[in-house]
Amino acid sequence: MNPAISAALLLTVFQVAWGQKVTSLTACLVNQSLRLDCRHENTTALPIQYEFSVTRETKKHVIEGTLGVPEHSYRTRTNLTSKYNIKVLYLNGFTSKDEGTYTCELRLSGQPPTISNKNISVFRDKLVKCEGISLLAQNTSWLLLLLLSLPLLQAMDFISL
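The shown structure was predicted, so the numbers you read here are calculated from the model rather than taken from an experiment. (Residues numbered from 1 in each chain as written. Predicted model: local features only at pLDDT ≥ 70, side-chain atom pairs only at ≥ 80, totals over all residues. Heavy atoms only, no water.)

1. Structural notes on the overall build of the protein
Phase 1: Counting its secondary structure elements, the protein contains four helices and eight strands.
Phase 2: Looking at the protein as a whole, 33% of its 161 residues qualify as buried.
Phase 3: Sequence-distant contacts, at least 24 apart, represent 55% of the contacts inside the protein between residues at least 6 apart.
Phase 4: When the accessible area of the protein is evaluated, it comes to approximately 10,100 Å², of which 60% is carbon and sulfur surface. (Helix = DSSP H or I, 4+ residues; strand = E, 2+ residues; numbered from the N terminus. Buried < 20%, exposed > 50% of the residue type's maximum accessible area, 1.4 Å probe, protein only. Contact = heavy atoms within 4.5 Å. Areas by Shrake-Rupley, 256 points an atom, 1.4 Å probe, with all protein chains shown as cover.)

In structure tokens form, the structure reads like this:
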């Protein structure tokens, strides 16, 4: 076999194995909507198929995605934002009837089933507001820059502590 073909085939296998691993799934509440952040690695140029689902009483309900068919009751209640390495799902009108184990599942398009997923148990009375999470977990770089620059600003007499 041609070495170039072997290398290309090996790279494709590595992309399938490592290109779409779910790294975290978090849940929080925005007003009356559930927000699910599915963060994942993305080291491949191949399209990533996804599915958000909830399991209640051992029954799986597909909410949104390209893998399964979303149930009719969820179609008008969902909004999905997809970026390079995160998929964010909003489920509007979240109530205690929507509680359960939520799953984010990823697969690479056109490949044999290589599945990566994460689960999170969601209970309405235990959810935190998203505003506090996004400030601390997602936008820490500006805060770190500010803290690191304080001694410089103090030395130049821009501020006094």
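2. Describing the pairing of strand β7 (residues 100-108)
Phase 1: β7 sits mainly inside the fold: seven of its nine residues count as buried.
Phase 2: The pairing of strand β3 (residues 48-56) with β7 spans eight bridges and is classified as antiparallel. Bridging from a neighbouring strand, Ser 53 pairs with Thr 103 of β7.
Phase 3: In the sheet, β7 pairs with strand β8 (residues 116-122) via seven bridges, with the strands oriented antiparallel. What sits directly across from Leu 106, in β8, is Ser 116. (Pairing = 2+ DSSP bridges.)

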